[in-house]
Amino acid sequence: MDFLVELFRNLLQHPDWTMSQVCTDSYCKTLKQWHGWLASSSFSLAMKLAPDRKKFTEVISGSGDIIQQCCQCHFRES
């Protein structure tokens with residue numbers, strides 16, 4: 001939860017940052033201390049696939065279809 005709070009705080013406070021910068025800063029402030037080399041390296045790799053801010057904002061503020069589909073898929077598997 002701390003990661004998400006920091007992520008949204010960064011989005012608001014740093015409109016000039018890329019999503020990769022927003023996520024990396026949030027990760028370093030919240031989760032990195034709990035992760036070893038492999039998890040940290042995986043996060044760095046995942047940041048190369050991060051969407052741009054505009055796309056992220058569209059998904060978050062949109063109708064929720066994408067999020068709903070992901071949740072339905074996850075809960076079906078559980």
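Coordinates for the structure precede this section.
About the cut-offs
Numbering of residues begins from 1 in every chain and follows the order in which that chain's sequence is written. Side-chain atom pairs in this predicted model are given and counted only at pLDDT of 80 or more, local residue features only at pLDDT of at least 70, and totals for whole chains, interfaces and linings cover all residues. Hydrogens and water molecules were not included; the side-chain quantities draw on all heavy atoms of the structure. A run of DSSP states H or I qualifies as a helix once it reaches four residues; a run of E qualifies as a strand once it reaches two. Both are numbered from the N-terminal end. Three labels apply to residues, based on accessible area from a 1.4 Å probe with only protein chains included: buried if under 20% of the type maximum, exposed if over 50%, partly exposed otherwise in between. Residues count as neighbours in contact if any of their non-hydrogen atoms are within 4.5 Å of one another. By definition here, a salt bridge exists when the distance from a side-chain nitrogen of Lys or Arg to a carboxyl oxygen of Asp or Glu is within 4 Å.

Trainee: What's the story with the overall build of the protein in this structure? I'm lost.
Mentor: When you go through the protein residue by residue, the secondary structure sums to 5 helices and 0 strands. Reading the protein from its N end, one meets helices and strands in the order α-α-α-α-α. The buried share among the 78 residues of the protein stands at 22%. In the protein, of all internal contacts separated by at least 6 residues, the share reaching a separation of at least 24 is 43%.

Trainee: Any chance you could explain the pattern of salt bridges here in plain terms?
Mentor: For side chains of opposite charge, pairing can occur when their charged atoms come near one another. In the structure shown here, the tally under the stated rule is 4 salt bridges. For the salt bridge of E6 with R9, the shortest nitrogen-to-oxygen distance reads 2.7 Å. On the criterion of helical spacing, the pair formed by E6 and R9 is a turn pair, its members being 3 residues apart in helix α1 (residues 2-13). E6 gets classed as buried once you look at its relative accessible area, which sits at 10%. Overall, R9 belongs to the partly exposed group, its relative accessible area being 37%. The shortest N-O distance in the salt bridge between E6 and K29 comes to 3.5 Å. Of the two residues, E6 sits in helix α1 while K29 sits in helix α2 (residues 19-30), which places them 23 residues apart along the sequence. Taken together, the salt bridges that share partners define one network made up of E6, R9, D25 and K29.

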